[in-house]
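Structural description and commentary
The residues making up each chain are set out below.
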Amino acid sequence: MASSVSNYLLRRLTDWGVRRVFGYAGDGINGIVHAFSHFEDRLKFVQVRHEEMAAFMACAHAKFTGEVGVCLATSGPGAIHLLNGLYDAKMDHQPVVAIVGQAARPALGGSYQQEVDLHTLFKDVAHEFVEEMASPAQVRQLVDRAVRIARAERTVTAIIVPKDLQEISAEQPPHKHSTVHTGLGWTSPRVVPAEADLARAAEVLNAGRKVAMLVGAGALGASQEVAQTAEVLGAGVAKALLGKAVLDDRLPYVTGSIGLLGTKPSWTLMNECDTLLMVGSSFPYSEFLPEEGKARGVQIDIDGRMLGLRYPMEVNLVGDSAETLRALLPRLAHKTDRSWQKGLEKEIQEWWRIIESQAMVEAKPLNPERVYWEMSPRLPDGAILAGDSGTSTTWLARDVKLRQGMLCSVSGNLATMGCGVPYAIGAKFAYPDRVVVACVGDGAMQMNGNAELITLSKYWKEWADPRLVVLVLNNRDLNMVTWEMRAMSGDPKLAASQDIPDFPYARYAELLGLQGIKVERPDELGPAFDRAFSASRPTVVEAYTDPDVPTLPPHISFEQAKDLTYALLKGDPDAGGVLRQTVKEAWAALKPGKD
Ligand SMILES: Cc1ncc(C[n+]2csc(CCOP(=O)(O)OP(=O)(O)O)c2C)c(N)n1
Ligand SMILES: [Mg+2]
């Protein structure tokens, strides 16, 4: 194999264990793209429809496997398109390496075609490491540094490769001054706090009578330790969205999601606790945590920068979640008074009854809560779920009971639309034998998902298990924002910005050779999911849902109720439907089981 810079670059990625690059061609990376022909199955080029999707897939790969994800784009427009997906990875602390082309070195600075100042463009998103190759002797160093720094800092790094360099021979740095000699390899360290700090944390947790735990993505590898800690402390556990897979939703003391998409038991947990133990979470909304001073706090995070950020904690521990909880557990006294946990368990049982009753409330034509309620028990073991941004994620957070062994992610901190379908494809490449489900709004389908279904139709036959289900909530509305405007700002719906065109998602799926099922009646939901989860090809389940079903915060406050009323009075075009549905849902909450 000729050892051009491009060949060397790709071989070095394979030496790091990379097996797949998500990308899109362009003449700024012709040399690199051509080099893939030498690698065949050892390094697969996955072709997307848009570079942003490549970055989402690389991010999903990192989120679901813990490995580094790699994406590739051409100079100028291709590199610019990557950005949103890269920010998604950066903000959710995922190791992703972006490789982009650049104008040839002799043209640089010449306002050349597709010449964009990529170093500046990537300087924020990849600030830990962004380098433009200037010499063929740098190739080893740049790959090694980009991958290692992405892993070590759990962040995005970028390599910019001018196109003329891609074709020339790679060079090894000579053994002399002004050269860099890097090597392979990264293993995660064991990070545990100092003994004295563990003792201080144990003192706080042992003194508490009503302990609340909040777990996030950082606790994903610590399910057992989190459960043991909750049992010893008699605690309730709320899960930030990115940590939804940490604990089985059927455990009696799990209060479920928290925040605007959260549950009432999580609200109670945080309002009534006297001690807060936060593990691996940067959940942003402080108003959903205890009021300052009302609870003593202990936080565990692998990243010291994330400590004491949302609540002024008494003990801040830098550590790996599983290792730290394991070190803490022998110091924790088993709480003999279980009344706090028992009380929470009662409220949690009651909450699930409310959720079920609300899901059963009739709507025109489908209640979206019912859609998720019917899907949840039908999810195959080990399913991987990818949420988008919208009410599609609210119901995923509230109505789906994840079981141990499942995975679930969303765009957490960036909360970008359009990640659902590419996340699902990225997950499927990583786990071709597992069932993957994307939960996506119609706005997000029109933004990205529809195009990426073409990618799905291109690749699904390669997967050992072809089952991938895209659940589309067709509500003809940018519903999440419509509700935010009503409930948070008191603004009526502006049809010009919120209504979106109807589109035949299921029929379109069939055109692409996928299975398409459109559901318009509640009794069709169960059979539709049964068909989708036993199909021999990917399925789009298009649920024709009612945009008037309220997605209010679990504890809707007086202020928000007032704002909602004002919004409706100010001429909301859907006021009638909204009022009808809100009253029906409120009634279901009061009288579970009776519609
Ligand atoms: C890229 C991007 N643009 C805009 C938003 C703001 N936003 C958040 S949710 C949402 C509505 C999503 O609509 P849809 O996909 O139809 O889902 P729905 O809420 O209707 O279920 C919008 C516009 C965003 N988060 N990301
Ligand atoms: Mg919508």
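In the block above lies the structure referred to throughout.
Residues numbered from 1 in each chain as written. Chains lettered and ligands numbered in written order. Predicted model: local features only at pLDDT ≥ 70, side-chain atom pairs only at ≥ 80, totals over all residues. Heavy atoms only, no water.

Here the focus is the site of ligand 1. Inspection of the region around ligand 1 gives 17 residues, with Thr391, Asp442, Gly443, Asp477 and Met480 positioned closest. The contact in question runs from an oxygen atom of ligand 1 to an N or O atom on the backbone of Ala444, over 2.9 Å. For ligand 1, an oxygen atom lies 2.8 Å from a polar atom in the backbone of Met480. In the complex, 78% of the free accessible area of ligand 1, which totals 590 Å², lies under the protein chains. Those elements that provide at least two residues to the shell around ligand 1 are helix H14 (391-399), helix H16 (442-459) and helix H17 (479-489). Broken down by class, the residue content of the shell around ligand 1 amounts to six nonpolar, nine polar and two charged. (Near = heavy atom within 4 Å. Polar contact = N/O pair within 3.5 Å; in protein donor to acceptor, adjacent residues only side chain to side chain. Areas by Shrake-Rupley, 256 points an atom, 1.4 Å probe, with all protein chains shown as cover. Helix = DSSP H or I, 4+ residues; strand = E, 2+ residues; numbered from the N terminus. Nonpolar A, V, L, I, M, F, W, Y, C, P; charged D, E, K, R; others polar.)

Quick look at the nonpolar core now. Core analysis: the largest hydrophobic core is formed by 58 residues, its most contacted members being Cys71, Leu82, Leu86, Val96, Phe122, Leu453 and Val470. The element best represented in this core is helix H3 (residues 51-65), accounting for ten residues. If sequence neighbours within four positions are ignored, Leu86 has contacts with Ala55, Cys71, Val96, Ala98, Phe122, Val125 and Val156. Formed by 33 residues, the second largest nonpolar core is a distinct cluster that contains Trp395, Leu473, Phe529 and Val549. (Core = buried A, V, L, I, M, F, W, Y, C linked by side-chain atoms within 4.5 Å. Buried < 20%, exposed > 50% of the residue type's maximum accessible area, 1.4 Å probe, protein only. Contact = heavy atoms within 4.5 Å.)

Maximal helix bending in H16 amounts to about 55°, located at Asn448. Turning to H16, its buried residues are Asp442, Gly443, Ala444, Met445, Asn448, Gly449, Asn450, Glu452, Leu453, Thr455, Leu456 and Tyr459. (Bend = angle between axes of the 7 residues up to and from the residue.)

Let us now look at the sheet that holds strand E14 (residues 407-409). Ordered in space as E14-E13-E15-E16-E18-E17, the six strands form an open sheet in which the pairing is parallel. Each edge of the open sheet carries a strand with a single partner, namely E14 and strand E17 (515-519). In this sheet, adjacent strand axes meet at a mean angle of 15° when their direction is disregarded. Relative to E14, strand E13 (residues 384-387) runs parallel, the two sharing three bridges. The partner of Ala386 across the bridge, within E14, is Ser409. On top of the sheet, H3 reaches E13 and E14; it is set at about 140° to E14, its chief contact. The sheet strands contacting helix H20 (residues 525-532) are strand E16 (468-474), E17 and strand E18 (539-544), and the helix crosses E17 at an angle near 170°. (Pairing = 2+ DSSP bridges. Axes fitted to C-alpha atoms, helices over the stretch in contact; angles between N-to-C directions.)

Moving on: the pairing of strand E7 (residues 211-215). Counting buried positions along E7 gives five out of five residues, so the element sits mostly inside the fold. Residues of E7 alternate between two faces, with Val211, Met213 and Val215 on one and Ala212 and Leu214 on the opposite face, all of them buried.

Within an α-helix, residues lying three or four positions from one another point in the same direction, as the helix has 3.6 residues per turn. Taking 1.5 Å per residue, 13 residues should reach 18 Å; helix H8 (residues 195-207) reaches 18 Å between its end C-alpha atoms and fits that length. Turning to H8, its buried residues are Leu198, Ala201, Ala202, Val204 and Leu205. For H8, the angular spread of the buried residues around the axis is 160°, confining them to a single face. (Expected span 1.5 Å × (residues − 1). Arc of directions from axis to C-beta.)

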